[in-house]
Amino acid sequence: LRWKAAQAGGMESTEAWIREGICLRALGRPDEAEAVYRRILRMNSTDLGARIELARTSDDRRDWPESEARWRALVEDANLPSLFAGHARVLIELGRFDEADTVLAPGLAMFPTDLEIGIARSHVAERRGDLTAACERWAELLRVQPYFVAGYAERAKCLVNAERHAEADAVMRDAIERFPNEEWPLFEFANLAHRRQDWQEAASRWEAFRVRFPDRDEGYRYGRDALNAAGRHEEAAALRPNA
């Protein structure tokens with residue numbers, strides 16, 4: 001309603017209409033959002049913002065053939081990293097992995113440090129089932145975006161899937177050093193040992209997590225599970241959060 005009020009107030013840009021469409025998409029009303037974007041494009045058929053949101057609307061409906069056509073047209077008309085990544089994501093959904101890599105190649109050459117392009121490249125390799133390439137692509141992305149938090153967990157997960165557990169541990173150790181005041185690296189480091197049922201190691205890592213973050217219940221709960229699985233039942237029974 002507020003964006004409609006802004007439209008009535010005579011805003012010269014299309015921002016109020018685009019924002020209205022975004023709100024409708026968030027509410028799960030893609031057909032109404034599409035109608036808003038088409039209204040903009042009737043006034044200006046080259047409005048890039050409306051065209052991008054129109055493509056995202058067909059993504060919301062999972063109408064992948066329509067989405068692919070819309071993103072392809074955008075990539076042909078403008079060199080923006082989000083467009084290369086958007087087109088590639090749709091091609092992944094269609095199972096057209098080689099085409100997705102082809103789309104991303106010029107984008108990577110123009111924007112070698114772009115996060116969206118790097119993520120899309122990694123997902124292409126994962127969905128293709130090429131874990132070696134996927135692990136390397138996550139590594140490449142972290143080299144140019146070392147503060148991309150989710151990349152550490154994603155690369156570690158990829159390495160685990162490739163049964164390269166020591167390398168996955170090394171990735172999370174790097175994250176612990178890089179983000180010394182945050183909980184998630186220690187949590188994920190402990191979880192790596194827990195998920196592979198290395199119970200003695202998991203118990204040790206959960207202990208380190210508790211020492212650093214004594215108020216987090218997970219350190220005690222998962223720590224007890226690891227101790228019990230390791231046969232250290234008395235220690236597990238004695239493990240309680242500090243009062």
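Not measured: the values here are computed from a predicted model.

Calculation criteria
- Residues numbered from 1 in each chain as written.
- Predicted model: local features only at pLDDT ≥ 70, side-chain atom pairs only at ≥ 80, totals over all residues.
- Heavy atoms only, no water.
- Phe/Tyr/Trp six-rings, centres within 6.5 Å; stacked < 30°, edge-to-face > 60°.
- Helix = DSSP H or I, 4+ residues; strand = E, 2+ residues; numbered from the N terminus.
- Buried < 20%, exposed > 50% of the residue type's maximum accessible area, 1.4 Å probe, protein only.
- Core = buried A, V, L, I, M, F, W, Y, C linked by side-chain atoms within 4.5 Å.
- Contact = heavy atoms within 4.5 Å.
- pLDDT = per-residue confidence, 0-100.
- Expected span 1.5 Å × (residues − 1).
- Salt bridge = Lys/Arg side-chain N within 4 Å of Asp/Glu carboxyl O.

*Asks:* I'd like a rundown of the packing of aromatic side chains, residues and numbers included.
*Replies:* Given two aromatic rings, their pairing is described by the distance between the two centres and the angle made by the two planes. Counting across every chain of the model gives 10 aromatic pairs. On the numbers, 6.2 Å between centres and 45 degrees between planes, the contact of Tyr152 with Trp184 is tilted. Of this pair, Tyr152 sits in helix 10 (residues 149-161) while Trp184 is found in helix 12 (residues 184-195), placing the two residues 32 residues apart along the sequence. Here Tyr152 matches Trp184 in class, with each residue buried. Taking the centre distance of 5.3 Å and the plane angle of 35 degrees together, the rings of Trp206 and Tyr222 count as tilted. With Trp206 in helix 13 (residues 199-212) and Tyr222 in helix 14 (residues 217-229), this residue pair connects regions lying 16 residues apart in the sequence.

*Asks:* Please give an account of the nonpolar core that cites residues and values.
*Replies:* Counting 21 residues, the largest nonpolar core has Trp71, Leu74, Leu83, Ala100, Leu104 and Val124 as the members making the most contacts within it. For this core, the secondary-structure elements that each account for two or more residues are helix 4 (48-60), helix 5 (64-77), helix 6 (81-93), helix 7 (97-110) and helix 8 (115-128). Ranked by the residues each element gives to this core, the list is headed by helix 6, at seven residues. Aside from chain neighbours lying at most four places away, what touches Val124 is Ile92, Phe97, Ala100, Asp101, Leu104 and Arg137. Ala133, Phe148, Cys158 and Ala175 belong to the second largest nonpolar core, which has 20 residues in total.

*Asks:* Break down the confidence of the model for the protein chain for me, citing the residues and quoting the values.
*Replies:* Taken as a whole, the protein chain shows an average pLDDT of 92; of its residues, 94% reach a score of 70 or greater. Below pLDDT 50 for its whole length, residues 1-11 participates in 13 contacts with residues either more than four positions away or in separate chains.

*Asks:* Give a description of helix 12 that names residues and reports values.
*Replies:* With 12 residues, helix 12 should reach 16 Å at 1.5 Å per residue; the first-to-last C-alpha distance of 16 Å fits that figure. Taking burial as the measure, the 12 residues of helix 12 include 10 buried ones, the bulk of the element. Among all positions of helix 12, only Trp184, Pro185, Leu186, Phe187, Phe189, Ala190, Asn191, Leu192, Ala193 and His194 are buried. On its buried face, helix 12 sits against helix 10, helix 11 (165-178), helix 13 and helix 14. Count one or two residues on from helix 12 and you reach Gln197, which has phi positive near 60 degrees.

*Asks:* Break down the pattern of salt bridges for me, citing the residues and quoting the values.
*Replies:* Scanning all chains against the criterion turns up 29 salt bridges. Residues Glu93 and Arg62 are paired through a salt bridge, measuring 3.9 Å at the closest nitrogen-oxygen approach. Taken together, the residues span a long stretch of sequence, with Glu93 in helix 6 and Arg62 in the loop between helix 4 and helix 5 at a distance of 31 residues. According to the relative accessible area criterion, Glu93 is partly exposed, its value standing at 32%. Asp169 is paired through a salt bridge with Arg205; the nearest N and O atoms lie 2.9 Å apart. Of the two residues, Asp169 sits in helix 11 while Arg205 sits in helix 13, which places them 36 residues apart along the sequence. For Arg205, a relative accessible area of 5% translates into the label buried. Each of Asp31, Glu34, Arg38, Arg61, Glu66 and Arg70 takes part in salt bridges that share partners, so that together they form one network.

*Asks:* Summarise the environment of Ala168; cite the residues concerned and give the values.
*Replies:* Tracing the backbone through its elements, the reader meets Ala168 in helix 11. Distance in space between the C-alpha atoms of Ala168 and Pro30 is 40 Å, their sequence separation being 138 residues. Residues contacting Ala168, with those up to four places away along its chain left out, are Ala156, Leu159, Val160 and Leu192.

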